[in-house]
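Coordinates in review
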Amino acid sequence: MIPELGHFALILALLLALAQGFLPIIGAHRGNATLMSVARPAAQGQFVFVAIAFGCLAYSFLVNDFTVENVARNSFSQLPKIYRFTAAWGSHEGSILLWTLVLAFWTMAVTVFSRHLPEDMAARVIGVMGLVSVGFLAFILLTSNPFLRLNPAPMDGNDMNPLLQDPGMVFHPPMLYMGYVGFSVAFAFAIAALLSGKLDAAWARWSRPWTTVAWVFLTIGITAGSWWAYNELGWGGWWFWDPTENASFIPWLAGTALIHSLAVTEKRGAFKGWTVLLAIIAFSMSLLGTFLVRSGVLSSVHAFATDPTRGIFILGFLGVVIGGSLILYAIRVPKMESGGSFTWFSRESMLLVNNVVVVAALGSVLLGTLYPLFMDAMGMGKISVGPPYFNSVFVPLIAPAMFLAGIGPLVRWKQGSLPDLAKRLRVAMIVSVASALLLPFLAGGFNWMASIGIGLAMWIVFTVLIGFAERLKHEQGSKLAALKALPRGFWGMQLGHFGLAWVVAGIALVSAYEAERNVKMNVGDTVELAGYVFTFKGAEMFDGPNYRAARGTLDVSKNGKPVFVLHPEKRVYNASGMPMTEASIDYGFTRDVYAALGEEIAGNVWTVRVFYKPFVGWLWIAGGLLALGGIFAAFDRRYRIALKKTAETVPAKGAALQGAKA
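Presented here is a report on the structure given in the accompanying data block.

Calculation rules
Residues numbered from 1 in each chain as written. Predicted model: local features only at pLDDT ≥ 70, side-chain atom pairs only at ≥ 80, totals over all residues. Heavy atoms only, no water. Helix = DSSP H or I, 4+ residues; strand = E, 2+ residues; numbered from the N terminus. Buried < 20%, exposed > 50% of the residue type's maximum accessible area, 1.4 Å probe, protein only. Contact = heavy atoms within 4.5 Å. Areas by Shrake-Rupley, 256 points an atom, 1.4 Å probe, with all protein chains shown as cover. Lys, Arg positive; Asp, Glu negative; His and termini not counted. Charge placed at Lys NZ, Arg CZ, Asp CG, Glu CD. Axes fitted to C-alpha atoms, helices over the stretch in contact; angles between N-to-C directions. Parallel < 35°, antiparallel > 145°, perpendicular 65-115°, else oblique. Nonpolar A, V, L, I, M, F, W, Y, C, P; charged D, E, K, R; others polar. Pairing = 2+ DSSP bridges. Phe/Tyr/Trp six-rings, centres within 6.5 Å; stacked < 30°, edge-to-face > 60°. Lys NZ or Arg CZ within 6 Å of the ring centre and 35° of its normal.

As a further point, take the overall build of the protein. The secondary structure content of the protein amounts to 21 helices and ten strands. If you line up the protein on its principal axes, its C-alpha atoms span 95 × 75 × 55 Å. Across the 662 residues that make up the protein, the buried fraction comes to 54%. Of the contacts formed within the protein by residues at least 6 apart in sequence, a portion of 73% connects residues at least 24 apart. Summing over all exposed atoms, the protein offers an accessible surface of approximately 28,400 Å²; the carbon and sulfur share of this is 66%. Within the protein, one finds 49 positive and 36 negative side-chain charges whose respective centroids are separated by 14 Å.

Here we take up the packing of helix α11 (residues 272-294) against helix α13 (residues 309-332). Packing of α11 against α13 brings their axes to within 10 Å, and their N-to-C directions diverge by 175 degrees. If you check the angle between α11 and α13, you find them roughly antiparallel. Here α11 contributes Gly273, Trp274, Val276, Leu277, Ile280, Phe283, Ser284, Leu287, Leu288, Thr290, Phe291 and Arg294 to the contact with α13, which in turn contributes Gly311, Ile314, Leu315, Phe317, Leu318, Val321, Ile322, Ser325, Leu326 and Tyr329. In the contact of α11 with α13, the residues fall into 16 nonpolar, five polar and one charged.

Right, let's get into the sheet that holds strand β8 (residues 584-586). Read from one edge of the open sheet, four strands run β1-β10-β9-β8, paired in antiparallel fashion. Since the sheet does not close on itself, it has two edges, and those belong to β1 (515-521) and β8, each with one partner. Each strand axis lies, on average, 20 degrees off the axis of its neighbour in the sheet, ignoring direction. Alignment of strand β9 (residues 591-602) against strand β10 (residues 605-614), held across nine bridges, turns out to be antiparallel. Residue pairing for β10: Ala596 is matched across the bridge by Arg609. Sitting on the sheet, helix α9 (residues 201-232) is in contact with β8, β9 and β10, with an inclination near 40 degrees to β9. In the packing of helix α19 (residues 488-513) onto the sheet, the strands contacted are β1 and β10, and the crossing angle to β10 comes to about 140 degrees.

Where strand β4 (residues 547-558) and strand β5 (residues 561-566) come together, five bridges link them in antiparallel fashion. Following the sheet pairing, Leu554 is matched in β5 by Leu566.

With that settled, the discussion passes to the packing of aromatic side chains. Taken as a whole and judged by the stated rule, the model has 41 aromatic pairs. Where Phe139 meets Phe313, the ring centres are 5.3 Å apart and the plane angle is 45 degrees; that geometry is what we call tilted. Separated by 174 residues along the polypeptide, Phe139 in helix α7 (residues 119-143) and Phe313 in helix α13 bring together distant segments of the chain. Overall, Phe139 belongs to the buried group, its relative accessible area being 2%. Ring plane angle 10 degrees and centroid distance 4.8 Å describe the contact between Trp241 and Phe390, whose orientation is recorded as stacked. Placement of the pair is Trp241 in the loop between α9 and α10 (243-268) and Phe390 in helix α15 (residues 387-407), with a sequence separation of 149 residues. Residue classification places Phe390 among the buried positions, given a relative accessible area of 1%. Aromatic rings pair up to connect Trp215, Trp239, Trp241, Phe249, Trp252, Tyr389, Phe390 and Phe394 into one cluster. Over the face of the ring belonging to Phe490 we find Arg471, whose NZ or CZ atom lies 4.3 Å from the ring centre. The ring of Phe542 carries Arg551 above its face, with NZ or CZ at 4.2 Å from the centroid.

Here it is as structure tokens:
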């Protein structure tokens, strides 16, 4: 009964999405207030029904209802309850339902926080999001129904993929989807502006906080995914340029370019066409990521060709969204008024160059991700595009953006002075160059990669400090009080750039100075790495809730003194028989020491991998700083003031219009 209720709720949600998608847009075009008023209740009703459907699916997993095919394929009676719940989005069908739920949530949030908007603008924005919901709800009902029954039902399930039985599964996919789908709001605002023909600074001001919040969620999701892979996979890596990773990184790059472009459009009225195009690209890349991950094309182009229904549907939907958006863009942009003028050396020009660099880097990742699939599909053989390509192409492309991140915030709007800026930045340049040349020797010996990374990181840090110093230079009284009084938007920008410096430094240092040993160890054997001595004490068998595991013990000492003990595990899951490695990590601010248990060669003789990862923890700190900066920027006081002023203006305009009609 519960699965049937979930299926029926999805049908009702689709009907409401159709009403939400078409009626308000028609009403806005005709000036019909009755049709426009459908937008909010239809969107809120759709959210309720999608939430009911997701609740029914989650309940089916929690109670082990193996009459539901989705539950039987992706769960197991011995699975801990927390993983039974996360299994609801561990399958293809469940993940698409989660995507649709998140989209319905974002739409409902827009209905609640858009009452300050002109009614026709709000109707168009909610309508566009409704049309996107129609596509995903139709996709679920036609190709990916999560409530299909099995008859006869199996006695037990096939189990959840052991890779997904990790705490990271609780928060990584929801955070990632909140970011992915959040770009639909920026997309909807851009399309609404194109439909209305009013491509002014107002739409940028309205959409900028939404875009920043979506970017924050995506940043958290990517950071959590990297941490999850580092902890779970047992090979000590934090990023492998895997197509699934790239599927989230590409929209993040597009979103990064978008939030910087929105700043220029809002403040100076420039880059209008470019900003709209970036909003289209950001959401299109999110849809492309969905196609790559959910169509089956990544596992095998030939598997996709054998059962292409889902992939063709997503591909067709992608074509409609991207193609329709670009056609509308091509029609409207030539009629767009140009924004404020600026010289070749100004904050606008720096942000434009930065955007071009980021988009070029995005293109290099997109090419490296899609090219192997294209070659395979054309029957031209399988090729592998991995870290060597991305490190040699993406890194040199993105490095200038790191340098410009230090310059941009210190250049004046409209027209800057290069000699004046050079004078203000000379100390930062001297310190950065000196740090690049000297600090690598303290980290473990001179290395060009580490040198460039440290130099860029120090450059960003010192330009951030100069930004604060110049803001406080003319302040009277307490500097602490003046710091607290600085706008949240300024704090957000500086925290984000400071986090970027941590990313650059962490990547450069761990890539240059990490070390590992892969050895065969008997009880009592030792191995030395980076000054640490690992002594193998053997492995003991134990039973987990749904697996059997060997837990190794490694006593770790330094300078002859015990410092910590590591307990890596080798698990074999009961239902699938799949082996999994559970790494053991001693975390530190300046280094992680990491151990993974391999295969048992003979009685208590194991292969063991030990790693020394300097400064790898800085990557997770950097993700937190970037997200915190985005939160500060999204909740800047000027947005609340602007919303209040618009909320007061919109009713006044409505009253005046009613008076004129009377």
